[in-house]
Amino acid sequence: MRAVLASHNQKKIAELQTILGELGVEVISQREAGVDIEVEETGTTFEANARLKARAVMEATGLPAIADDSGLSVDALDGAPGVYSARYGGEGLDDTGRWQLLLEHMQGVEDRACRFVCVICCAFPDGGELMARGECPGVLAQAPQGDGGFGYDPIFYLPQLGKTMAQLTPQEKNSLSHRGNALRDFQKEWERSPYGTDQ
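A few points on the structure. (Residues numbered from 1 in each chain as written. Predicted model: local features only at pLDDT ≥ 70, side-chain atom pairs only at ≥ 80, totals over all residues. Heavy atoms only, no water.)

Glancing now at the environment of Gly 71. Locating Gly 71 in the fold gives a position in strand S3 (residues 65-74). Setting aside residues up to four positions removed in sequence, Gly 71 forms contacts with Phe 46, Gly 82, Ser 85, Arg 115, Phe 116 and Val 117. (Helix = DSSP H or I, 4+ residues; strand = E, 2+ residues; numbered from the N terminus. Contact = heavy atoms within 4.5 Å.)

Below you can see the structure in the form of structure tokens.
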């Protein structure tokens with residue numbers, strides 16, 4: 001089956017193509033599908049934003065569309081930046097500027113527990129929908145380490161491995177990341193659904 005990924009993030013597209021390929025799903029980009037849509041993320045939950053993006057791209061292409069909404073939730077900040085992770089600090093900041101700002105806001109804070117959250121939604125032309133959620137617990141590092149990954153990966157520390165997310169190989173990251181966990185849950189939902197058979 002062919003599905004369109006509702007994202008322009010090339011690293012995210014590569015991650016999802018690798019994992020979803022194992023389900024027999026050919027993932028193509030919006031560009032390959034001939035559309036260029038930026039969906040305004042007006043939802044207040046990861047689920048709502050993933051659904052908004054998946055439905056918009058599905059309606060524009062007529063193909064099943066897969067979207068994810070993900071972010072970093074910090075306990076000491078009451079779950080912030082949460083659904084606003086990609087916009088934390090305003091539009092003028094890049095990934096580095098966002099995690100630098102977060103570290104500034106967390107100066108002197110002892111409770112550094114946090115989690116990455118990812119929700120995946122697949123919207124189908126027949127009105128059907130599959131939804132899955134994954135989380136990865138961690139601790140905010142005091143300073144960045146590693147140059148892999150993207151987003152908040154350099155400051156997301158995994159105590160059990162003694163590394164940040166940015167220091168993991170792609171295979172290590174997929175095995176424990178919030179997106180990897182969400183995709184494994186998505187795979188189970190997919191296999192239980194009518195869409196799990198070849199179409």
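Structure's up, so let's keep going.
Tallying each qualifying case throughout the model produces 14 salt bridges. With a closest N to O distance of 3.6 Å, Arg 87 and Glu 41 form a salt bridge. Highlighted residues: Arg 87 in the loop between S3 and helix H4 (95-105) and Glu 41 in the loop between helix H2 (30-33) and helix H3 (46-61), separated in sequence by 46 residues. For Glu 41, a relative accessible area of 24% corresponds to the partly exposed category. A salt bridge links Asp 75 to Arg 115; its shortest N-O distance comes to 3.6 Å. In this pair, Asp 75 is assigned in the loop between S3 and H4 and Arg 115 in strand S4 (residues 113-123), connecting sequence segments 40 residues apart. (Salt bridge = Lys/Arg side-chain N within 4 Å of Asp/Glu carboxyl O. Buried < 20%, exposed > 50% of the residue type's maximum accessible area, 1.4 Å probe, protein only.)

For the rest of this paragraph, the subject is the sheet that holds strand S5 (residues 129-140). Pairing is mixed in the open sheet, where seven strands are placed in the order S2-S1-S3-S4-S5-S6-S7. Single-partner strands in this sheet number two, and they are strand S2 (26-29) and strand S7 (163-164). In the sheet, S3 pairs with S4 via 10 bridges, with the strands oriented antiparallel. Bridge pairing in S4 places Ser 73 opposite Arg 115. Contacting strand S1 (2-5), S2 and S3, helix H1 (residues 10-21) runs over the sheet at an angle of about 165° to S2. Relative to S3, H3 is tilted by about 160°, and along the sheet it contacts S1, S3, S4 and S5. (Pairing = 2+ DSSP bridges. Axes fitted to C-alpha atoms, helices over the stretch in contact; angles between N-to-C directions.)

Quick look at the layout of surface pockets now. Roughly 880 Å³ of internal volume is contained in the largest pocket. In terms of lining residues, the largest pocket is bounded by 32 residues, among which Asn 9, Lys 12, Glu 41, Lys 53 and Ala 86 are the most central. The element that contributes the greatest number of residues to the lining of the largest pocket is S3, accounting for five residues. Counted as a void, the second largest pocket has a volume near 210 Å³. Forming the boundary of the second largest pocket are 14 residues, of which Glu 15, Thr 169, Pro 170, Lys 173 and Asn 174 lie nearest the centre. Residue assignment for the lining of the second largest pocket shows that the elements contributing at least two residues are H1 and helix H5 (170-176). (1 Å grid on protein atoms, 1.4 Å probe; cavity = no way out; pocket = protein on both sides within 12 Å on 5 of 7 lines; lining within 4 Å. Points joined across faces, edges and corners; volume = space filled by probe spheres on them.)

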